[in-house]
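One-letter residues, chain by chain:
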Amino acid sequence: MNMTIPGARVMDVRTSLPRHKSLKYGRRKLTDIRSAALHHSATLSGSPGAFARYHVSTNGGPGIAYHFVIQKDGVIYWCNDPESISYHVGNSNRHALGICLVGDFRTQQPTPEQLDAANRLIEHLQVQIPSMKQVFGHQEYPGYAWKNCPAFPMVKFRSDYSQYLQKAVDKVKTPIQVQVAISMNGSMLSVSGFLQEGVSMLPVRAVANAAGGKVEWIEQTMDVRVNGKDLNEKVISGSAYAPARELAAVLGLQVEWDDPNKIVRLNGV
Ligand SMILES: [Zn+2]
C-alpha cells in the first residue's frame, strides 16, 4: 500500500518493532476493513517500540496492537499491515484498523500536530481502503462503553474531520481562473487579477501601491486594510485579492470593466 501522505511524515517501522517469536496475527482482505478505531496510549508519553514490547511481553500478543501510532509531534508510525488482524477492539478486530495517538487524554489534550496527522492519515486510508467508511473511538465499539478510550470526544473529532475534508474538496474545486488584466490611468500594470463568479478580483498590494494607497495587514484577524478600510479579500498563496469595485472605492478610483478584452480599467478622479 502506498503510504506517502501529502503534508504528513510517515515512518515505516513494521519490520523493526518487537514481535512475538512464534505467534502471528491473522490476515484479512483490505475490503474486510470497515472502520478506523481511535485509541489513546493512556500513557503520558511513549513510542511504538515501547507499546510493542508491552503488547508482546506483558500481554503475550503477536505484536503491537495498533496499525498506526501518531506521536505528539505528528509523526505517523506505520506499525502493522492493514491486512493484519491485530488485537485492539476485541470482537471487532477483524473489521477495524487501529490508530493510536500517544498521550493520556484523560489528563492531556491531543496536540494540533497529532490531530492534523490523524485527519491526513484517515483521509489517505479511506482512499486506499474504500470499505473503511467509519471512524469510531475504542469506546464506541460493542462491549467497550466502559473503556475511556480515546478519552477525547469523538463527535467533535468526526465533525472536525468532515470540515477538514470539506476544505480539501473546496481546494480541488477551485476552478481554473480567468485572468483579468489591469490598467491604471491608461497604462497596463504588470500584475493581473482573476474572475470569480463574475467579479474581478485584483491583487490588493500591487494595485494599492500603484494608486498610492496604504496597505495594512492585521495579523490577529488576518485581514487586509487599504486606507484604513476592511476589504472582502481572498488570500491565495500569500497574496490578498479583493473585488475590483471595493478596492477602487477605497482608493478613490473609478472602475470600468472592458469585457471583450478582460481588462479592469482604473482611473483616478
Ligand atoms: Zn483503546
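Residues numbered from 1 in each chain as written. Predicted model: local features only at pLDDT ≥ 70, side-chain atom pairs only at ≥ 80, totals over all residues. Heavy atoms only, no water.

### Things to note about the domain arrangement of the protein
In many analyses, interface size is given as the accessible surface area lost on bringing the parts together.
Here is step 1: According to the domain assignment, the protein contains domain 1 (10-173) and domain 2 (178-268).
Here is step 2: Put simply, the middle of domain 1 and the middle of domain 2, counted by C-alpha atoms, are 47 Å apart. (Domains from an automatic or database assignment.)

### Some remarks on the sheet that holds strand β3 (residues 35-40)
Here is step 1: Read across the open sheet, the six strands follow the order β1-β5-β4-β7-β3-β8; overall the sheet is mixed. The open sheet is flanked by β1 (10-12) and β8 (134-137), the only strands paired with a single partner. Between one strand and the next, the sheet's axes are offset by a mean angle of 25°, whatever the strand orientation.
Here is step 2: Two elements, strand β4 (residues 68-70) and strand β7 (residues 96-101), share three bridges in a ladder whose sense is parallel. Across the sheet, residue V69 finds its bridge partner in β7, namely C100. (Pairing = 2+ DSSP bridges. Helix = DSSP H or I, 4+ residues; strand = E, 2+ residues; numbered from the N terminus. Axes fitted to C-alpha atoms, helices over the stretch in contact; angles between N-to-C directions.)

### Here's the deal with the coordination of the zinc ion
Here is step 1: Donor atoms from the polypeptide that bind the zinc ion are H39 (ND1), H138 (ND1) and C149 (SG), placed at 2.0 to 2.3 Å.
Here is step 2: All donors of the zinc ion come from a single chain, and their spacing in sequence reads H-x98-H-x10-C. Remark: C149 occurs in the loop between β8 and α3 (154-173) and H39 occurs in strand β3; sequence separation between them is 110 residues. For the residue pair H39 and C149, the accessibility class agrees, reading buried in each case. (Donors = N, O, S within 2.8 Å, 3.2 Å for Na, K, Ca; no water. Buried < 20%, exposed > 50% of the residue type's maximum accessible area, 1.4 Å probe, protein only.)

### Observations regarding the pairing of strand β18 (residues 263-268)
Here is step 1: The pairing of strand β9 (residues 178-184) with β18 spans four bridges and is classified as parallel. Counted as the bridge partner of I182 is V264 from β18.
Here is step 2: Between strand β17 (residues 253-258) and β18, which pair antiparallel and follow one another directly, the connecting turn spans four residues, one of which, K262, has a positive phi of 50°.

### A look at the sheet that holds strand β13 (residues 223-226)
Here is step 1: With respect to topology, three strands assemble into an open sheet ordered β12-β13-β14, the strand pairing being antiparallel. The two strands at the open ends of the sheet, each matched to only one other strand, are β12 (215-218) and β14 (229-230).
Here is step 2: In terms of strand pairing, β12 meets β13 through four bridges, oriented antiparallel. Opposite I218, over in β13, you have D223 as the bridge partner.

### A look at the packing of aromatic side chains
Here is step 1: Summed over all chains, the structure comprises nine aromatic pairs.
Here is step 2: Between the aromatic rings of F68 and W78, the centroid separation amounts to 6.3 Å while the plane-to-plane angle is 20°, which identifies the pairing as stacked. Placement of the pair is F68 in strand β4 and W78 in strand β5 (residues 76-78), with a sequence separation of 10 residues.
Here is step 3: We classify W78 as buried; its relative accessible area is 6%. (Phe/Tyr/Trp six-rings, centres within 6.5 Å; stacked < 30°, edge-to-face > 60°.)

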